[in-house]
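Overview (structure and organization)
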Amino acid sequence: MSDKITVTPSLLCGKVAAIPSKSDAHRLLIASAFADRPTTLMMRGSSEDIDATIGCLRAIGAGIDKQADRVVVTPVSNIPPRPLLDCRESGSTLRFMLPVAAAVCESAAFVGQGRLPQRPIGELREALTGGGVAFSSDRLPFEISGRLNAGDYRLPGGISSQYITGMLMALPLTGGESEIILTDALRSGAYVDITLDVLKRFGIEIKKSHCGYLVPAGQRYRSVGQVDVDGDWSNGAFLLCMGAIGGSVTVTGLRAHSPQGDKAITDLLRRFGAKVTADGDSVTVSGGRLVGCEVDIDETPDLLPALAMVAAFAEGETRFVNGERLRIKESDRLAACADLLHDLGGDAEETADGLIVRGGGLRGGSTHGQGDHRIVMAAAIAAVGCTEEVTITGYGAVNKSYPAFFEDYAALGGKLCIQ
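Described in the following lines is the structure provided in the data block.

Thresholds, definitions, all that
- Within any chain, residue numbers begin from 1 and follow the written order of that chain's sequence.
- Per-residue local features of the predicted model are confined to residues with pLDDT of at least 70, and side-chain atom pairs are confined, for both listing and counting, to 80 or more; whole-chain, interface and lining totals are unaffected and use all residues.
- With hydrogens and water set aside, each side-chain value is computed from the structure's full complement of heavy atoms.
- By the convention used here, strands pair only if DSSP detects at least 2 bridges between them.
- Helix and strand assignments come from DSSP, with helices taken as H or I runs of at least 4 residues and strands as E runs of at least 2, each series counted from the N terminus.
- Every angle, taken between N-to-C directions, lies between 0 and 180 degrees, and every axis is a line fitted to C-alpha atoms, over only the stretch in contact when it is a helix.
- Throughout, a contact is declared for two residues whenever any of their heavy atoms are within 4.5 Å.
- In this scheme Phe, Tyr and Trp rings, the latter by its six-membered ring, pair at centre separations within 6.5 Å, and the angle between planes marks the pair as stacked below 30 degrees, edge-to-face above 60, and tilted otherwise.
- A helix's residues, less one, multiplied by 1.5 Å, set its expected span.
- Bend, at a single residue, is the angle you get between axes fitted to the 7 residues ending at that residue and the 7 residues starting at it.
- Exposure classes here rest on a 1.4 Å probe applied to the protein chains alone. A residue is buried below 20% of its type maximum, exposed above 50%, and partly exposed in between.
- Put simply, a nonpolar core is a bunch of buried Ala, Val, Leu, Ile, Met, Phe, Trp, Tyr and Cys residues held in one set by side-chain atoms that sit within 4.5 Å of each other.
- Should a side-chain nitrogen of Lys or Arg be within 4 Å of a carboxyl oxygen of Asp or Glu, the pair is scored as a salt bridge.

Here we take up the sheet that holds strand β5 (residues 70-74). Here we have 4 strands laid out as an open sheet, ordered β4-β5-β3-β14, and mixed in their pairing. This sheet does not close on itself; its edge strands, each paired only once, are β4 (63-66) and β14 (226-228). Averaged over all adjacent pairs, the angle separating strand axes in this sheet is 20°, with direction ignored. Pairing of strand β3 (residues 39-42) with β5 involves 4 bridges; the strand directions are antiparallel. Each residue of the ladder has a partner; that of Leu41, found in β5, is Val71. Helix α1 (residues 22-33) rests against β3, β5 and β14 of the sheet, and its axis sits at about 170° to β3.

Before going further, it helps to spend a moment on the sheet that holds strand β17 (residues 282-286). An order of β2-β15-β17-β16 is seen for the 4 strands of this open sheet, with the pairing classed as mixed. Looking at strand neighbours, the two that pair on one side only are β2 (12-17) and β16 (275-279), the edges of this open sheet. With direction set aside, neighbouring strand axes in the sheet form an average angle of 10°. Here β16 runs beside β17; their pairing, made up of 5 bridges, is antiparallel. Note on β17: the bridge partner recorded for Lys275 is Ser286.

Inspection of every chain in the model, using the stated rule, returns 7 aromatic pairs. With a centroid separation of 6.3 Å and an interplanar angle of 55°, the aromatic rings of Phe406 and Tyr409 are classed as tilted. With Phe406 and Tyr409 both in helix α12 (residues 405-411) and 3 residues apart, this pair spans about one turn of that helix. Every member of this aromatic cluster is reached through a ring pair, and the members are Tyr395, Tyr402, Phe405, Phe406 and Tyr409.

Take helix α3 (residues 91-104) next. A rise of 1.5 Å per residue sets the reference length of α3, with its 14 residues, at 20 Å; its end C-alpha atoms lie 20 Å apart and thus fit the reference within 8%. The largest bend in α3 is about 30°, located at Met97, with the proline Pro99 one to four residues further on. Within α3, 14 of the 14 residues are buried, which leaves it mostly tucked inside the rest of the structure.

Turning next to the nonpolar core. Membership of the largest hydrophobic core comes to 76 residues, with the highest contact counts inside it found for Leu269, Phe272, Leu307, Phe320 and Phe405. The dominant element in this core, judged by the number of residues it contributes, is helix α7 (residues 233-245), at 9 residues. Listed in part, the 68 residues of the second largest apolar core include Met97, Leu171, Leu199 and Ile206.

Here the focus is the pattern of salt bridges. Inspection of the entire model under this criterion finds 26 salt bridges. For Arg358, the salt bridge is made with Glu317, and the minimal N-O distance between the two is 3.5 Å. Of this pair, Arg358 sits in strand β21 (residues 355-358) while Glu317 sits in strand β19 (residues 317-321); the two residues are 41 residues apart in sequence, bridging distant segments of the chain. Using a relative accessible area of 30% as the deciding quantity, one classes Arg358 as partly exposed. Judged by its relative accessible area of 38%, Glu317 is partly exposed. What you see here is one network of salt bridges that share partners, running through Lys22, Asp49, Arg119, Asp302, Glu330, Arg333, Asp372, Arg374 and Lys400.

Remember, this is a structural readout, not a statement about activity or role.
What follows is the structure in C-alpha coordinates.
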(Lines give C-alpha, C1' and ligand atoms only; values in the text may rest on other atoms or scores of the structure.)
Protein backbone atom coordinates (compact mmCIF):
# COMPACT_ATOMS: atom_id res chain seq x y z
CA MET A 1 0.00 0.00 0.00
CA SER A 2 1.39 3.40 -0.97
CA ASP A 3 1.48 6.33 1.42
CA LYS A 4 -1.24 8.22 -0.46
CA ILE A 5 -4.63 9.47 0.62
CA THR A 6 -7.33 11.09 -1.52
CA VAL A 7 -9.71 13.60 0.03
CA THR A 8 -13.03 14.38 -1.64
CA PRO A 9 -14.31 17.93 -1.08
CA SER A 10 -17.12 18.12 1.45
CA LEU A 11 -18.28 20.50 4.16
CA LEU A 12 -17.26 19.21 7.57
CA CYS A 13 -19.34 19.67 10.70
CA GLY A 14 -19.16 18.38 14.24
CA LYS A 15 -17.13 18.31 17.42
CA VAL A 16 -13.62 16.96 18.13
CA ALA A 17 -11.61 16.83 21.36
CA ALA A 18 -8.22 18.55 21.17
CA ILE A 19 -5.22 16.28 21.34
CA PRO A 20 -2.59 16.83 24.08
CA SER A 21 -0.28 19.77 23.49
CA LYS A 22 3.15 18.62 22.35
CA SER A 23 4.66 21.76 23.85
CA ASP A 24 3.13 21.11 27.26
CA ALA A 25 3.76 17.35 27.22
CA HIS A 26 7.48 17.60 26.37
CA ARG A 27 8.06 19.93 29.32
CA LEU A 28 5.85 18.06 31.77
CA LEU A 29 7.56 14.76 30.94
CA ILE A 30 11.03 16.21 31.57
CA ALA A 31 9.99 17.92 34.80
CA SER A 32 8.33 14.72 36.01
CA ALA A 33 11.42 12.66 35.21
CA PHE A 34 13.49 14.71 37.67
CA ALA A 35 10.88 15.21 40.39
CA ASP A 36 10.95 13.79 43.91
CA ARG A 37 8.19 11.20 43.35
CA PRO A 38 6.08 9.76 40.51
CA THR A 39 3.79 12.00 38.46
CA THR A 40 0.71 11.08 36.40
CA LEU A 41 0.14 13.08 33.22
CA MET A 42 -3.48 12.94 32.06
CA MET A 43 -3.34 12.88 28.27
CA ARG A 44 -5.15 11.11 25.44
CA GLY A 45 -2.84 9.49 22.92
CA SER A 46 0.69 10.41 21.91
CA SER A 47 2.76 11.22 18.82
CA GLU A 48 6.15 10.43 17.37
CA ASP A 49 7.68 13.61 18.82
CA ILE A 50 6.35 12.91 22.32
CA ASP A 51 7.51 9.29 22.00
CA ALA A 52 10.98 10.60 21.13
CA THR A 53 11.16 12.51 24.41
CA ILE A 54 9.79 9.52 26.31
CA GLY A 55 12.46 7.31 24.73
CA CYS A 56 15.24 9.73 25.69
CA LEU A 57 14.03 9.96 29.29
CA ARG A 58 13.82 6.17 29.52
CA ALA A 59 17.37 5.98 28.17
CA ILE A 60 18.69 8.01 31.10
CA GLY A 61 16.77 6.04 33.71
CA ALA A 62 13.19 7.29 34.00
CA GLY A 63 10.34 4.82 34.26
CA ILE A 64 7.49 5.77 31.94
CA ASP A 65 4.29 3.76 31.70
CA LYS A 66 2.04 4.80 28.80
CA GLN A 67 -1.65 4.02 29.25
CA ALA A 68 -4.71 4.86 27.17
CA ASP A 69 -5.51 8.15 28.87
CA ARG A 70 -2.45 8.85 31.01
CA VAL A 71 1.32 8.54 31.31
CA VAL A 72 2.88 7.64 34.66
CA VAL A 73 6.43 8.89 35.12
CA THR A 74 8.77 7.46 37.76
CA PRO A 75 11.77 9.77 38.31
CA VAL A 76 15.24 9.06 36.93
CA SER A 77 17.46 6.71 38.94
CA ASN A 78 20.64 4.77 38.16
CA ILE A 79 21.70 6.75 35.09
CA PRO A 80 23.59 4.48 32.67
CA PRO A 81 27.24 5.35 31.99
CA ARG A 82 26.68 6.28 28.32
CA PRO A 83 22.98 6.42 27.37
CA LEU A 84 21.92 6.64 23.74
CA LEU A 85 19.29 9.32 23.14
CA ASP A 86 17.43 8.95 19.83
CA CYS A 87 15.63 12.24 19.13
CA ARG A 88 14.12 10.86 15.92
CA GLU A 89 12.95 13.95 13.97
CA SER A 90 11.97 16.06 16.98
CA GLY A 91 13.74 19.40 17.23
CA SER A 92 12.12 20.03 20.62
CA THR A 93 13.43 16.73 21.98
CA LEU A 94 16.98 17.46 20.86
CA ARG A 95 17.11 21.05 22.09
CA PHE A 96 15.49 20.21 25.43
CA MET A 97 17.25 16.94 26.18
CA LEU A 98 20.74 18.04 25.12
CA PRO A 99 21.28 20.48 28.03
CA VAL A 100 19.27 18.26 30.41
CA ALA A 101 21.42 15.23 29.64
CA ALA A 102 24.55 17.38 29.93
CA ALA A 103 23.47 18.37 33.43
CA VAL A 104 22.97 14.82 34.73
CA CYS A 105 25.12 12.48 32.61
CA GLU A 106 28.91 12.08 32.56
CA SER A 107 28.55 11.25 28.88
CA ALA A 108 25.76 10.54 26.38
CA ALA A 109 25.29 9.84 22.69
CA PHE A 110 22.69 11.60 20.49
CA VAL A 111 21.25 10.52 17.16
CA GLY A 112 18.44 11.84 14.98
CA GLN A 113 16.64 11.29 11.69
CA GLY A 114 15.21 13.19 8.73
CA ARG A 115 16.11 16.89 8.62
CA LEU A 116 17.01 17.00 12.30
CA PRO A 117 20.80 16.83 11.74
CA GLN A 118 20.51 19.94 9.53
CA ARG A 119 18.42 21.97 11.98
CA PRO A 120 20.39 24.58 13.94
CA ILE A 121 21.86 23.96 17.39
CA GLY A 122 25.15 25.82 16.92
CA GLU A 123 24.56 28.57 19.49
CA LEU A 124 23.25 26.07 22.04
CA ARG A 125 26.28 23.84 21.46
CA GLU A 126 28.62 26.81 21.98
CA ALA A 127 26.90 27.73 25.24
CA LEU A 128 27.15 24.17 26.53
CA THR A 129 30.81 23.97 25.52
CA GLY A 130 31.46 27.10 27.55
CA GLY A 131 29.77 25.40 30.50
CA GLY A 132 32.08 22.39 30.53
CA VAL A 133 30.52 20.06 27.95
CA ALA A 134 32.61 18.55 25.13
CA PHE A 135 31.13 17.51 21.77
CA SER A 136 32.56 14.84 19.46
CA SER A 137 31.05 16.57 16.41
CA ASP A 138 29.27 19.80 15.52
CA ARG A 139 26.21 17.96 14.14
CA LEU A 140 24.28 14.76 14.76
CA PRO A 141 25.24 12.07 15.49
CA PHE A 142 27.56 13.08 18.32
CA GLU A 143 28.59 12.29 21.87
CA ILE A 144 28.83 14.69 24.77
CA SER A 145 31.02 14.38 27.85
CA GLY A 146 31.57 16.48 30.94
CA ARG A 147 28.87 17.78 33.26
CA LEU A 148 27.16 21.11 32.65
CA ASN A 149 28.19 23.67 35.27
CA ALA A 150 26.08 26.36 36.87
CA GLY A 151 27.00 29.81 35.61
CA ASP A 152 26.16 32.57 33.16
CA TYR A 153 25.10 31.61 29.64
CA ARG A 154 24.69 33.94 26.70
CA LEU A 155 22.15 32.79 24.12
CA PRO A 156 20.33 34.42 21.21
CA GLY A 157 16.60 34.83 21.67
CA GLY A 158 15.90 35.23 17.97
CA ILE A 159 16.91 31.83 16.55
CA SER A 160 14.98 29.32 18.63
CA SER A 161 13.12 29.74 21.90
CA GLN A 162 13.82 26.03 22.38
CA TYR A 163 17.42 26.91 23.31
CA ILE A 164 16.09 28.96 26.21
CA THR A 165 13.66 26.25 27.31
CA GLY A 166 16.34 23.55 27.28
CA MET A 167 18.64 25.63 29.47
CA LEU A 168 15.84 26.71 31.83
CA MET A 169 14.96 23.07 32.44
CA ALA A 170 18.58 21.93 32.80
CA LEU A 171 20.16 24.61 35.00
CA PRO A 172 18.13 23.82 38.16
CA LEU A 173 19.66 20.31 37.95
CA THR A 174 23.19 21.73 38.37
CA GLY A 175 22.43 22.89 41.92
CA GLY A 176 24.13 26.27 41.55
CA GLU A 177 22.99 29.77 40.64
CA SER A 178 22.84 30.54 36.93
CA GLU A 179 21.73 33.24 34.56
CA ILE A 180 20.62 33.10 30.95
CA ILE A 181 21.58 36.32 29.19
CA LEU A 182 19.72 36.98 25.93
CA THR A 183 21.93 38.57 23.30
CA ASP A 184 19.01 39.72 21.17
CA ALA A 185 15.23 39.99 21.39
CA LEU A 186 13.32 36.85 22.31
CA ARG A 187 11.00 35.59 19.56
CA SER A 188 8.18 33.08 19.96
CA GLY A 189 8.24 34.06 23.61
CA ALA A 190 4.97 32.26 24.34
CA TYR A 191 6.88 28.96 24.19
CA VAL A 192 9.15 30.16 27.00
CA ASP A 193 6.01 31.15 28.91
CA ILE A 194 4.86 27.51 28.67
CA THR A 195 8.22 26.46 30.11
CA LEU A 196 8.02 28.94 32.98
CA ASP A 197 4.49 27.75 33.76
CA VAL A 198 5.61 24.10 33.97
CA LEU A 199 8.67 24.97 36.06
CA LYS A 200 6.55 26.95 38.51
CA ARG A 201 4.12 24.06 38.91
CA PHE A 202 7.06 21.78 39.73
CA GLY A 203 8.47 24.14 42.35
CA ILE A 204 11.26 25.73 40.29
CA GLU A 205 11.66 29.48 40.73
CA ILE A 206 12.86 31.49 37.75
CA LYS A 207 13.35 35.23 38.06
CA LYS A 208 13.18 37.46 35.02
CA SER A 209 16.07 39.91 34.80
CA HIS A 210 16.49 42.96 32.59
CA CYS A 211 18.45 40.86 30.10
CA GLY A 212 17.16 37.31 30.58
CA TYR A 213 16.44 34.83 33.36
CA LEU A 214 17.97 34.13 36.78
CA VAL A 215 17.96 30.56 38.14
CA PRO A 216 18.51 30.57 41.94
CA ALA A 217 20.69 27.86 43.48
CA GLY A 218 19.57 24.88 45.55
CA GLN A 219 16.35 23.99 43.73
CA ARG A 220 14.71 20.62 43.10
CA TYR A 221 11.79 19.55 40.97
CA ARG A 222 8.77 18.61 43.14
CA SER A 223 6.00 16.46 41.70
CA VAL A 224 2.48 17.81 41.48
CA GLY A 225 1.16 14.24 41.72
CA GLN A 226 -1.30 14.45 38.84
CA VAL A 227 -1.48 17.05 36.08
CA ASP A 228 -3.65 17.58 33.01
CA VAL A 229 -1.77 18.16 29.76
CA ASP A 230 -3.13 21.22 27.96
CA GLY A 231 -5.16 20.74 24.79
CA ASP A 232 -3.11 21.54 21.69
CA TRP A 233 -3.94 24.91 20.14
CA SER A 234 -1.33 24.41 17.37
CA ASN A 235 -2.93 21.28 15.96
CA GLY A 236 -6.44 22.36 16.92
CA ALA A 237 -5.87 25.37 14.65
CA PHE A 238 -6.03 23.12 11.58
CA LEU A 239 -9.51 21.94 12.52
CA LEU A 240 -10.65 25.48 13.31
CA CYS A 241 -9.29 26.73 9.97
CA MET A 242 -11.17 23.91 8.29
CA GLY A 243 -14.35 25.31 9.78
CA ALA A 244 -13.48 28.74 8.39
CA ILE A 245 -13.04 27.29 4.90
CA GLY A 246 -16.36 25.46 4.96
CA GLY A 247 -18.78 23.92 7.44
CA SER A 248 -18.73 24.35 11.20
CA VAL A 249 -16.15 22.74 13.49
CA THR A 250 -16.00 22.72 17.29
CA VAL A 251 -12.81 21.78 19.13
CA THR A 252 -13.10 21.05 22.86
CA GLY A 253 -10.36 21.08 25.47
CA LEU A 254 -8.76 24.36 24.35
CA ARG A 255 -8.08 26.34 27.50
CA ALA A 256 -8.62 30.07 26.96
CA HIS A 257 -5.97 30.98 29.55
CA SER A 258 -3.34 28.58 28.22
CA PRO A 259 0.14 30.11 27.81
CA GLN A 260 0.25 28.65 24.28
CA GLY A 261 0.76 31.47 21.79
CA ASP A 262 -1.18 29.69 19.07
CA LYS A 263 -4.44 30.43 20.85
CA ALA A 264 -4.16 33.62 18.76
CA ILE A 265 -5.78 31.57 15.99
CA THR A 266 -9.22 32.72 17.17
CA ASP A 267 -8.40 36.42 16.76
CA LEU A 268 -6.68 35.79 13.43
CA LEU A 269 -9.65 33.90 12.02
CA ARG A 270 -11.94 36.73 13.12
CA ARG A 271 -9.68 39.13 11.21
CA PHE A 272 -10.18 37.04 8.08
CA GLY A 273 -13.95 37.23 8.60
CA ALA A 274 -14.74 33.77 9.95
CA LYS A 275 -17.39 33.31 12.63
CA VAL A 276 -15.70 32.35 15.90
CA THR A 277 -17.45 31.61 19.20
CA ALA A 278 -15.98 30.37 22.47
CA ASP A 279 -17.82 28.64 25.30
CA GLY A 280 -15.64 27.55 28.20
CA ASP A 281 -12.92 25.34 26.74
CA SER A 282 -14.78 24.85 23.43
CA VAL A 283 -14.17 26.92 20.29
CA THR A 284 -16.45 26.81 17.24
CA VAL A 285 -15.53 28.24 13.84
CA SER A 286 -17.75 28.46 10.78
CA GLY A 287 -17.32 30.14 7.44
CA GLY A 288 -18.09 33.72 6.59
CA ARG A 289 -17.04 36.24 3.96
CA LEU A 290 -13.27 35.83 4.14
CA VAL A 291 -11.10 38.81 3.26
CA GLY A 292 -7.31 38.89 2.98
CA CYS A 293 -5.15 40.79 5.46
CA GLU A 294 -1.56 41.08 6.70
CA VAL A 295 -0.49 38.55 9.32
CA ASP A 296 2.69 38.85 11.39
CA ILE A 297 3.67 35.26 12.22
CA ASP A 298 6.78 36.10 14.24
CA GLU A 299 5.23 34.82 17.49
CA THR A 300 3.05 32.10 15.93
CA PRO A 301 5.01 30.56 13.03
CA ASP A 302 3.30 27.16 13.32
CA LEU A 303 0.00 28.73 12.27
CA LEU A 304 1.24 29.64 8.78
CA PRO A 305 0.35 26.41 6.91
CA ALA A 306 -3.25 26.39 8.15
CA LEU A 307 -3.78 30.14 7.71
CA ALA A 308 -2.27 30.06 4.21
CA MET A 309 -5.08 27.70 3.21
CA VAL A 310 -7.67 30.07 4.68
CA ALA A 311 -6.04 32.92 2.74
CA ALA A 312 -6.43 30.96 -0.50
CA PHE A 313 -10.22 31.12 -0.06
CA ALA A 314 -10.30 34.78 0.99
CA GLU A 315 -10.97 37.76 -1.25
CA GLY A 316 -7.88 39.71 -2.20
CA GLU A 317 -4.32 39.35 -1.03
CA THR A 318 -2.89 38.10 2.26
CA ARG A 319 0.70 38.84 3.27
CA PHE A 320 2.42 36.70 5.91
CA VAL A 321 5.49 38.46 7.31
CA ASN A 322 8.35 37.78 9.76
CA GLY A 323 8.43 34.05 9.10
CA GLU A 324 12.02 33.46 8.01
CA ARG A 325 12.53 30.84 10.74
CA LEU A 326 9.99 28.64 8.94
CA ARG A 327 12.70 27.71 6.46
CA ILE A 328 14.41 25.51 9.09
CA LYS A 329 11.45 23.36 10.18
CA GLU A 330 10.68 19.79 9.06
CA SER A 331 10.57 21.34 5.61
CA ASP A 332 11.21 24.84 4.30
CA ARG A 333 7.64 25.74 5.19
CA LEU A 334 7.54 28.94 3.20
CA ALA A 335 8.52 27.08 0.04
CA ALA A 336 6.39 24.05 0.96
CA CYS A 337 3.24 26.16 1.46
CA ALA A 338 3.82 27.95 -1.83
CA ASP A 339 4.32 24.60 -3.61
CA LEU A 340 1.17 23.20 -2.01
CA LEU A 341 -0.95 26.14 -3.11
CA HIS A 342 0.46 25.97 -6.65
CA ASP A 343 -0.25 22.22 -6.78
CA LEU A 344 -3.88 22.86 -5.88
CA GLY A 345 -4.34 25.65 -8.41
CA GLY A 346 -3.73 28.61 -6.13
CA ASP A 347 -1.64 31.76 -6.48
CA ALA A 348 1.18 32.18 -3.95
CA GLU A 349 4.57 33.85 -3.90
CA GLU A 350 7.45 33.41 -1.49
CA THR A 351 9.23 36.43 -0.05
CA ALA A 352 12.47 36.47 1.91
CA ASP A 353 10.63 36.21 5.22
CA GLY A 354 7.10 35.26 4.34
CA LEU A 355 4.43 34.41 1.84
CA ILE A 356 1.95 36.29 -0.32
CA VAL A 357 -1.30 34.44 -1.04
CA ARG A 358 -3.76 35.77 -3.57
CA GLY A 359 -7.22 34.44 -2.85
CA GLY A 360 -9.92 33.20 -5.16
CA GLY A 361 -10.21 29.53 -4.25
CA LEU A 362 -8.44 26.29 -5.05
CA ARG A 363 -9.11 23.65 -7.67
CA GLY A 364 -7.53 20.52 -6.16
CA GLY A 365 -5.09 17.99 -7.57
CA SER A 366 -2.08 16.03 -6.37
CA THR A 367 0.53 17.23 -3.90
CA HIS A 368 3.27 15.91 -1.61
CA GLY A 369 3.50 16.35 2.14
CA GLN A 370 7.29 16.90 1.94
CA GLY A 371 7.78 14.88 5.12
CA ASP A 372 6.12 17.64 7.14
CA HIS A 373 3.08 16.93 9.33
CA ARG A 374 1.80 20.50 9.07
CA ILE A 375 1.96 20.52 5.27
CA VAL A 376 -0.04 17.28 5.11
CA MET A 377 -2.72 18.68 7.43
CA ALA A 378 -2.80 21.93 5.46
CA ALA A 379 -3.45 20.01 2.23
CA ALA A 380 -6.26 18.07 3.88
CA ILE A 381 -8.07 21.12 5.23
CA ALA A 382 -7.69 22.89 1.87
CA ALA A 383 -9.59 20.01 0.27
CA VAL A 384 -12.75 21.11 2.10
CA GLY A 385 -13.12 24.06 -0.27
CA CYS A 386 -11.64 22.62 -3.47
CA THR A 387 -13.68 21.82 -6.54
CA GLU A 388 -11.84 18.56 -7.23
CA GLU A 389 -10.29 15.80 -5.16
CA VAL A 390 -6.95 16.30 -3.40
CA THR A 391 -4.44 13.45 -3.34
CA ILE A 392 -1.65 13.72 -0.77
CA THR A 393 1.49 11.61 -1.02
CA GLY A 394 3.31 11.06 2.27
CA TYR A 395 0.25 11.56 4.45
CA GLY A 396 1.81 9.41 7.22
CA ALA A 397 3.88 12.44 8.28
CA VAL A 398 0.93 13.42 10.52
CA ASN A 399 2.14 10.76 12.97
CA LYS A 400 4.83 13.19 14.08
CA SER A 401 2.33 15.31 16.00
CA TYR A 402 -1.26 14.18 15.34
CA PRO A 403 -1.57 10.47 14.49
CA ALA A 404 -5.37 10.56 14.78
CA PHE A 405 -5.77 13.55 12.44
CA PHE A 406 -7.44 11.66 9.61
CA GLU A 407 -9.63 9.69 12.04
CA ASP A 408 -10.89 12.98 13.48
CA TYR A 409 -11.24 14.34 9.93
CA ALA A 410 -13.44 11.40 9.00
CA ALA A 411 -15.48 11.77 12.21
CA LEU A 412 -16.37 15.29 11.07
CA GLY A 413 -17.71 13.89 7.80
CA GLY A 414 -14.55 13.93 5.70
CA LYS A 415 -14.45 11.59 2.72
CA LEU A 416 -11.11 9.78 2.56
CA CYS A 417 -9.66 7.02 0.43
CA ILE A 418 -6.30 5.51 1.37
CA GLN A 419 -4.50 4.12 -1.66
